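Residue-level structural notes
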Amino acid sequence: MALPRSLTSAYSGQCSLSGRVSTLEERRALDRFLAGVERRAFRMAQIATGHDDEALDLVQEAMLKLVERYGMRTEAEWGPLFHRILQSKIRDWYRRTKVRSRWRLWLGRDEDGGEMDDPLEAIADTVTPSADHQLQTKEAAAALDAALKTLPLRQQQAFLLRAWEELDVDQTAAAMGCSEGSVKTHYFRAVHTLRTLLGNHWP
């Protein structure tokens, strides 16, 4: 799935503008990090919000904050810091959305537009896949996309950060702003629910 517009290119000059990343090597390293994380970050935000534009805005805000505040940190620190920023942005979005939803219900109004039904693409591309394999991958991706959207936000965050981004428990706790015990609980419940919902599609 192609992103609606380039994310990383929006920050190609941000390093020099901020004054926090001065060398060409550091700037290139940060650009590589942003380019490497943008697609997964967008899908993570898209699953959480259900909207392309909302997801894109959240990822852009997280990238900008990372560059402005943490550009001079080591490359090893950028991943956990970025995901902490992004998850904070997603939680803020949820809070704002809940407030707006309460007002819409009280005023008797409904959402504008329909829900997205684009399936979650396979994370890794395969080499010359067969038609059967493509169909199975598409079905599994659609099932995973639908199952993830049924999870409570905290379980969704824990699963995506642990299983998709491969953060450890400590890094996930930092990104989610909770204890390691909470991460383990949310992740366990998410895996249990997903295994039940996905059935034969469970890897």
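For the structure itself, look to the data block above.
These notes cover the structure that comes with them. All of these numbers come straight from a predicted model, not from anything done at the bench. (Residues numbered from 1 in each chain as written. Predicted model: local features only at pLDDT ≥ 70, side-chain atom pairs only at ≥ 80, totals over all residues. Heavy atoms only, no water.)

**Section: the overall build of the protein chain**
Spelled out, the test is: Strands here mean DSSP runs of E at least two residues long; helices mean DSSP runs of H or I at least four residues long; both are numbered from the N terminus. Partly exposed residues are those whose accessible area sits between 20% and 50% of the maximum for their type, while under 20% is buried and over 50% is exposed, using a 1.4 Å probe and protein chains only. Note on contacts: a residue pair qualifies if any of its non-hydrogen atoms lie within 4.5 Å across the two residues. With residues, only the protein chains shown are counted as cover, and all accessible areas are computed by Shrake-Rupley using a 1.4 Å probe.
Regarding its fold elements, the protein chain presents eight helices and zero strands. Ordering the α and β elements of the protein chain from the N terminus gives α-α-α-α-α-α-α-α. Burial status across the protein chain gives 38% buried among its 203 residues. Counting contacts in the protein chain only where the partners sit at least 6 residues apart, residues at least 24 apart contribute 67% of the total. Accessible area for the protein chain stands at about 11,800 Å²; split by element, carbon and sulfur atoms hold 51% of it.

**Remarks on helix α8 (residues 180-198)**
Here is the rule we go by: The span you would expect from a helix comes to 1.5 Å times its residue count less one. Taken from the helix axis, the directions to the C-beta atoms give the arc we talk about.
Compared with an ideal rise of 1.5 Å per residue, which puts 19 residues at 27 Å, α8 spans 26 Å between its outermost C-alpha atoms and is within 8% of the ideal. Buried residues of α8: Val 183, His 186, Ala 190, Val 191, Leu 194 and Leu 198, and no others. Considered in projection along α8, the buried side chains sweep an arc of 135° and stay on one side of the axis. Residues Lys 184, Phe 188 and Thr 196 are exposed on α8 and point more than 90 degrees away from its buried face.

**Remarks on the pattern of salt bridges**
Quick note on the threshold: A side-chain nitrogen of Lys or Arg and a carboxyl oxygen of Asp or Glu constitute a salt bridge if their distance falls within 4 Å.
Applying the stated criterion across every chain yields a total of six salt bridges. For the salt bridge of Glu 61 with Lys 89, the shortest nitrogen-to-oxygen distance reads 3.9 Å. Note that Glu 61 is positioned in helix α3 (residues 52-70) and Lys 89 in helix α4 (residues 75-107), a separation of 28 residues in sequence. Taking relative accessible area as the criterion, Lys 89 reaches 23% and is therefore assigned partly exposed.

**So, the packing of helix α2 (residues 24-49) against α3**
To be explicit about the condition: Throughout, an axis means a line fitted to C-alpha atoms (over the contacting stretch in the case of helices), and angles, computed between N-to-C directions, take values from 0 to 180 degrees. If you view the pair so one helix is near and one far, a crossing is left-handed when the near helix is turned anticlockwise from the far one by less than a right angle, and right-handed when it is turned clockwise. All amino acids are sorted into three groups, where Ala, Val, Leu, Ile, Met, Phe, Trp, Tyr, Cys and Pro are nonpolar, Asp, Glu, Lys and Arg are charged, and the leftover types, Gly among them, are polar.
Here α2 crosses α3 at 145°, and the two axes come no closer than 8 Å. When you trace α2 past α3, the crossing you get is right-handed. On α3, the residues that touch Leu 30, Phe 33, Leu 34, Val 37, Glu 38, Ala 41, Phe 42, Ala 45, Gln 46 and Thr 49 of α2 are Asp 52, Glu 54, Ala 55, Leu 56, Leu 58, Val 59, Met 63, Leu 66 and Val 67. Its residues assigned to classes, the contact of α2 with α3 shows 14 nonpolar, two polar and three charged.

**Description of the packing of helix α7 (residues 169-176) against α8**
What counts here: Every angle not falling under 35 degrees, over 145, or within 65 to 115 is termed oblique; those three ranges are roughly parallel, roughly antiparallel and roughly perpendicular.
Where α7 contacts α8, the axes come no closer than 8 Å and their chain directions differ by 95°. With respect to each other, α7 and α8 are oriented roughly perpendicular. Only Glu 180, Val 183, Lys 184 and His 186 of α8 make contact with α7, whose side of the interface consists of Val 169, Asp 170, Thr 172, Ala 173 and Met 176. Looking at the contact of α7 with α8, its residues break down into four nonpolar, two polar and three charged.

**A look at α7**
How we decide: Under this definition, polar contacts are N or O atom pairs within 3.5 Å; protein pairs additionally need one hydrogen-donor-capable and one acceptor-capable atom, and for neighbouring residues in sequence, both atoms have to be side-chain atoms.
All of the buried residues along α7 are Val 169, Thr 172, Ala 173, Ala 175 and Met 176. Each buried residue of α7 sits inside an arc of 165° when the element is viewed along its axis, so together they form one side. Taking the backbone nitrogen of Asp 170 as reference, a side-chain oxygen 3.2 Å away marks Asp 168 as the first, capping residue of α7.

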